[in-house]
Amino acid sequence: MNETELQRRLYLPNFEHWRRHCSKNFFSDRKLEVRTVENGIILPTRRIEGQNQYHCRGGVCDEERNFVAGYNNQPPGKKNGAYCIDEAYPIEPKELELFSDEVIFGGILVCHFGHFITECLSRMWYVVENPEDRRRVVFIMLKTSPLQELKNWVYQFFDLLGLPEDRVVILEKPAQFRAVLVPDQSVRIKYDYTREFMLPFKHIARRIRPFNAKKLFLTRGKNLKSAMTLVNQEYFEQFFQQRGFQVIAPEELSVIDQIALITGADEVATFLGTLAHWSLFSHVGAKWTFLNRVDEIASRQCLINDAVGIDWYFVSCAMNFLYAEQGGGVCLLGSTDYWKAYALEHYGIRLDPNARMPGKIVDDYIERWCKYFGSAASVKKRISTLENLYSRISLTEAKIKLKRPVLCYQLHSAQRGWLPVNIEGDIGGAIDKKYELQALRIYFSEPAADVFHSVYYPKEGWTKTASNRMQSGTTGKDKSIYGLRIKLGEDLARKFDVVYRIHNVDGVWSERRRNGEELVSENHALDGVQIELVLKDSEREF
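Counting restarts for each chain, with residues numbered from 1 along the sequence as it is written. Where totals are concerned, whole chains, interfaces and linings use all residues; where local detail is concerned, this predicted model gives features only for residues with pLDDT of at least 70, and gives and counts side-chain atom pairs only at 80 or more. Side-chain figures throughout are based on the complete set of non-hydrogen atoms in the structure, without hydrogens or water.

Participant: Account for the overall build of the protein chain, with residues named and values stated.
Facilitator: A tally of helices and strands in the protein chain yields 13 helices and 34 strands. The quantity called the radius of gyration is restricted to C-alpha atoms. Its globule counterpart is 2.2 Å times the number of residues to the power 0.38. Over its C-alpha atoms the protein chain spans a radius of gyration of 26 Å, differing by no more than 12% from the 24 Å that the globule rule assigns to 542 residues. Overall, the C-alpha framework of the protein chain stretches about 75 × 60 × 40 Å when taken along its three principal axes. The buried share among the 542 residues of the protein chain stands at 52%. Comment: elements are numbered from the N terminus, with helices defined as DSSP H or I runs of at least four residues and strands as E runs of at least two. When accessible area is computed with a 1.4 Å probe and restricted to protein chains, residues below 20% of their type maximum are described as buried, those above 50% as exposed, and intermediate ones as partly exposed.

Here it is in structure tokens:
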């Protein structure tokens, strides 16, 4: 898509950033395969401690516990994105439920409509292409939700795909099957899609008779349970309704009726976010206008637009003068200069350039914003977000400077839980507050090499050696650690030494040790750690 065409479609600030995403061809001609894992193991998700609820381990393993598949929405080689499952966790044989049948791995389930429709159907192309295969399909939940919530709408989608409820298994305990079939993903929603991505949506659309409503405005119902509040959405409902659009709150309808509306519509307008993903059921060439509530790039929707072939437009209607984010909070919508330009060019309406937002709406926005962001939980979340952002910036700077993967470590204290991630050379912990450490994880920013670690307890001695992102120590058991040892994998150990020291609550730093040597504080628990990676034979003194 050329520059002139993009300027016709993007009514937004930050045009250059949007241009790169909207002009990208997301299609991939990679050939999808189906792997068979004999005696395969499927692990339900377990949250990675210290990470948010969307960072989990689990997925499919072979009988030797080697990871086979989970879910990835990132470019090849990139790991640990939100909603990604790219590693397994240790499990004892006695924990496994044994089944004698063969099953199909369906992937992840998320009890959030937007993520479900864009990510959780990525392996369902196999079910559509092989209707004669009647084996059970096993899913793993990414976020704990009552099964009844899923049955309200997720099972309706599966039924439309030809997958009745008695063939759907939502795994709650680790299980081993005679064989697990693993269809490749048809989409990595932040990177690319294949020909098979659209198969489930086209299959469902063919089974439903379209409604006759040609112009729709999709809005958020008054009783919608959501982390996001849109102030002044009524302005846009009225604007489009006056121009012949039928205003619909999709969540108030059945799944079948929602799809019937979308498949029959020639023109749709809606707020950017979950509602916009209904465009997956639209016909090629349908006009879709997405009203932006924040000025963040919507790469997910850009991929969908490319895959479906709709006539799309993005319009910034964000008038937030307080902090706002895409994922949740309170946003103020209004008649921006971008909206005025869109209204004039598409509907011939010249809106008053001097019109002001009614004071009542501004007051409502401020009141709702203060209520949401003033809560203790929200303040704690914002602090955590800023700490994690600082860690990511520091990591990126280190990778640029060192031109190699960076050694990272994260410590857990009884008082604060998992602390922000440190990079090599940082002093980790809360030494000034004397928070006793209970556990740690050590890993590289990219899966370039192995690092092994264990911790020491006065009574039990050294723990079993853990590797990479695995945890050494315990959480929730009030057990402080008193020692540490770290060792690099053989490949990296030929070139680097790993050097480390410990700090105890009595205020004393230990001497430095390296390459697996033991460091123990005999009488006091640890409250700080420093780890460095040093080239062998360097002249640096410790």
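Back to the text.
Participant: Help me get a handle on the sheet that holds strand β4 (residues 56-61), residues and values and all.
Facilitator: Hydrogen bonds along the backbone pair up the strands of a sheet, which may run parallel or antiparallel. Taking strand neighbours across the sheet as the criterion, the 5 strands line up as β5-β4-β3-β10-β6 in an open arrangement whose pairing is mixed. Each edge of the sheet is formed by a strand with only one pairing partner; in this case those strands are β5 (67-69) and β6 (97-98). DSSP-based pairing: two strands are paired if at least 2 bridges between them are found. Two elements, β6 and strand β10 (residues 175-176), share 2 bridges in a ladder whose sense is parallel. Its bridge partner lying in β10, Leu 98 is registered against Gln 176.

Participant: So what's going on with the pattern of salt bridges? Which residues, and what values?
Facilitator: One side-chain nitrogen of Lys or Arg within 4 Å of one carboxyl oxygen of Asp or Glu is enough to make a salt bridge. Per the stated rule, a full pass over the model turns up 27 salt bridges. In this structure, Arg 188 engages Asp 192 in a salt bridge whose closest nitrogen and oxygen atoms are separated by 2.7 Å. Look at Arg 188 and you get buried, because its relative accessible area is 16%. Taking relative accessible area as the criterion, Asp 192 reaches 5% and is therefore assigned buried. Arg 494 is paired through a salt bridge with Asp 491; the nearest N and O atoms lie 3.0 Å apart.

Participant: Go over the nonpolar core with me, naming the residues and quoting the values.
Facilitator: One finds Ile 42, Phe 157, Phe 158 and Phe 314 to be the most contacted residues of the largest nonpolar core, which totals 93 residues. Per element, the largest residue contribution to this core is 6 residues, and it comes from helix α5 (residues 147-160). Ignoring anything within four residues of it in the chain, the contact list for Ile 42 reads Gly 59, Val 60, Val 103, Phe 105, Val 138, Ile 140, Leu 171, Lys 173, Pro 174, Ala 175, Phe 177 and Val 180. Counting residues in each nonpolar core, the second largest holds 26 residues, with Tyr 409, Ile 481, Ile 486 and Tyr 500 among its members. As used in this record, nonpolar core signifies buried Ala, Val, Leu, Ile, Met, Phe, Trp, Tyr and Cys residues forming a set joined through side-chain atoms within 4.5 Å. Working rule for contacts: check all heavy atoms of both residues, and any pair within 4.5 Å makes them a contact.

Participant: If you had to explain the pairing of strand β8 (residues 136-141) to someone new, which residues and values would you point to?
Facilitator: In terms of burial, β8 is largely enclosed, as 5 of its 6 residues are buried. In the sheet, strand β7 (residues 102-109) pairs with β8 via 6 bridges, with the strands oriented parallel. Note that in β8 the partner of Val 103 across the bridge is Arg 136.

Participant: If you had to explain the sheet that holds strand β34 (residues 526-535) to someone new, which residues and values would you point to?
Facilitator: The 4 strands lie next to each other as β24-β34-β31-β32, forming an open sheet whose pairing is antiparallel. The strands lining the two open edges of the sheet, one partner per strand, are β24 (427-429) and β32 (513-514). The sheet contact formed by strand β31 (residues 496-504) and β34 spans 9 bridges and is antiparallel. Each residue of the ladder has a partner; that of Ile 502, found in β34, is Val 529.

Participant: Tell me what's going on with the packing of aromatic side chains, and back it up with residues and numbers.
Facilitator: Ring pairs are drawn from Phe, Tyr and Trp, using the six-membered ring of Trp, whenever the two centres fall within 6.5 Å, and their geometry is named by plane angle: stacked under 30 degrees, edge-to-face over 60, tilted for the rest. Within this structure, the stated rule accounts for 38 aromatic pairs. Over a ring means this: the NZ of a Lys or the CZ of an Arg is within 6 Å of the ring centre and within 35 degrees of the ring normal. When the ring centre of Tyr 457 is taken as reference, the NZ or CZ atom of Lys 479 above it lies at 4.3 Å.

Participant: So, the packing of helix α7 (residues 233-241) against helix α10 (residues 337-347): which residues are in play, and what are the values?
Facilitator: Two numbers describe a pair of packed helices, the interaxial angle and the distance between the axes. In this description, a line fitted to the C-alpha atoms serves as the axis of each element, helices being fitted only across the stretch in contact, and the angle between N-to-C directions of two axes falls anywhere from 0 to 180 degrees. Where α7 meets α10, the closest approach of the two axes is 13 Å, and the angle between their N-to-C directions is 10 degrees. Relative to α10, α7 is oriented roughly parallel. Along the contact surface, α7 presents Tyr 235, Phe 236, Phe 239 and Phe 240, while α10 presents Trp 339, Ala 343 and Tyr 347. Under this scheme an angle from 65 to 115 degrees is roughly perpendicular, one under 35 degrees roughly parallel, and one over 145 degrees roughly antiparallel; angles in between are oblique.

Participant: I'd like a description of α7, backed by residues and values.
Facilitator: Looking only at α7, the buried set comprises Gln 233, Phe 236, Glu 237, Phe 239 and Phe 240. Down the axis of α7, the smallest arc covering the buried residues is 165 degrees, so these residues share one side. Of the surrounding elements, those touching the buried residues of α7 are β14 (215-218), β15 (228-231), β16 (246-248), β17 (267-271), β18 (287-292) and α10. Think of it as the arc spanned by the lines of direction from the helix axis to the C-beta atoms.

Participant: Hey, could you go over the side chain of Arg 404 for me, with residue numbers and the actual values?
Facilitator: With respect to the helices and strands, the residue Arg 404 is situated in the loop between α12 (376-402) and β21 (407-413). Here the side chain of Arg 404 touches Glu 424 through a polar contact of 2.7 Å, side chain to side chain. Residues within four places of Arg 404 in sequence aside, it is in contact with Lys 399, Glu 424, Phe 496 and Leu 533. What qualifies as a polar contact is a pair of N or O atoms within 3.5 Å, subject to a donor-acceptor requirement within protein and to the restriction that residues adjacent in sequence count only when both atoms come from side chains.

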